[in-house]
Amino acid sequence: MSIAELTDAEREALLAANPDWTLSRDGKAIERTFKFGDFNEAWGFMNRVALIAEKHDHHPEWFNVYNRVEITLTTHDADGLSQRDVDMVAAIAALL
Ligand SMILES: C[C@H](O)[C@H](O)[C@H]1CNC2=NC(N)=NC(=O)C2=N1
């Protein structure tokens, strides 16, 4: 099911409100690196994000090494950023 890509103004508002996230080179995704005390904490965070992702039916692209978790959010159905990414940023922020 397709969903609208954010407008330029909406994308700018998302970035302005969430300075820890950066726009990807192609402008179709946002990225953030999270650092935790150890792998146990990183994995616990990933579990909580996974539950949110299932609830939202919106899934992160991510990479983990020990205490570092890199998350990329994009909406494949929009071929770019959408309101679903805005909602995931907010849901992840609420975990921290
Ligand atoms: C069928 C299912 O609703 C879709 O494939 C969902 C699942 N998770 C998704 N996750 C992300 N990041 N983008 C999507 O477009 C997407 N689509």
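Residues numbered from 1 in each chain as written. Predicted model: local features only at pLDDT ≥ 70, side-chain atom pairs only at ≥ 80, totals over all residues. Heavy atoms only, no water.

- The chain is annotated in an unreviewed UniProt entry as Putative pterin-4-alpha-carbinolamine dehydratase from Altererythrobacter arenosus.
- What UniProt records for the chain under Sequence similarities (unreviewed entry) is the sentence "Belongs to the pterin-4-alpha-carbinolamine dehydratase family."
- Turning to the chain, the UniProt record has this under Catalytic activity (unreviewed entry): "(4aS,6R)-4a-hydroxy-L-erythro-5,6,7,8-tetrahydrobiopterin = (6R)-L-erythro-6,7-dihydrobiopterin + H2O". (UniProt positions renumbered as here; feature names shortened; annotations may be inferred.)

### Topic: the pattern of salt bridges
Phase 1 of the analysis: Tallied over the full model, the rule gives five salt bridges.
Phase 2 of the analysis: Here D20 and R32 are joined by a salt bridge, their closest N and O atoms 3.5 Å apart. On the criterion of sequence distance, the pair formed by D20 in the loop between α1 (8–17) and β1 (22–23) and R32 in strand β2 (residues 30–35) is long-range, its members being twelve residues apart.
Phase 3 of the analysis: We classify R32 as buried; its relative accessible area is 18%. (Salt bridge = Lys/Arg side-chain N within 4 Å of Asp/Glu carboxyl O. Helix = DSSP H or I, 4+ residues; strand = E, 2+ residues; numbered from the N terminus. Buried < 20%, exposed > 50% of the residue type's maximum accessible area, 1.4 Å probe, protein only.)

### Some thoughts on the packing of helix α2 (residues 39–56) against helix α3 (residues 83–93)
Phase 1 of the analysis: Close contact between α2 and α3 brings their axes to 10 Å; oriented N to C, the two are set at 145°. Between α2 and α3 lies a crossing whose hand is right-handed. From α2, F45, V49, I52, A53 and H56 reach across to α3, where they touch D87, M88, A91 and I92.
Phase 2 of the analysis: Looking at the contact of α2 with α3 residue by residue, the class counts come to seven nonpolar, one polar and one charged. (Axes fitted to C-alpha atoms, helices over the stretch in contact; angles between N-to-C directions. Left-handed = near helix turned anticlockwise from the far one by under 90°. Contact = heavy atoms within 4.5 Å. Nonpolar A, V, L, I, M, F, W, Y, C, P; charged D, E, K, R; others polar.)

### Things to note about the nonpolar core
The nonpolar side chains of a soluble globular protein tend to be buried, and buried together.
Phase 1 of the analysis: Formed by 21 residues in total, the largest nonpolar core has its most connected members in W21, I30, F34, F45, V69, I71 and I92.
Phase 2 of the analysis: At six residues, α2 tops the list of elements feeding residues into this core.
Phase 3 of the analysis: Aside from chain neighbours lying at most four places away, what touches I30 is L14, L15, W21, T22, L23, I71, T72, L73, L81 and V89. (Core = buried A, V, L, I, M, F, W, Y, C linked by side-chain atoms within 4.5 Å.)

### Focus on the packing of aromatic side chains
Phase 1 of the analysis: Following the criterion strictly, the structure yields four aromatic pairs and no others.
Phase 2 of the analysis: Arranged with centres 4.8 Å apart and planes meeting at 40°, the rings of F34 and F45 form a pair that is tilted. Of this pair, F34 sits in strand β2 while F45 sits in helix α2; the two residues are eleven residues apart in sequence, bridging distant segments of the chain. Each member of the pair, F34 as well as F45, is classed as buried.
Phase 3 of the analysis: Between F36 and F45, the aromatic rings sit 4.9 Å apart at their centres with planes inclined by 35°, giving tilted as the arrangement. Each member of the pair, F36 as well as F45, carries the same accessibility label: buried.
Phase 4 of the analysis: Three or more aromatic residues link up through ring pairs in this structure, and these residues are W21, F34, F36 and F45. (Phe/Tyr/Trp six-rings, centres within 6.5 Å; stacked < 30°, edge-to-face > 60°.)

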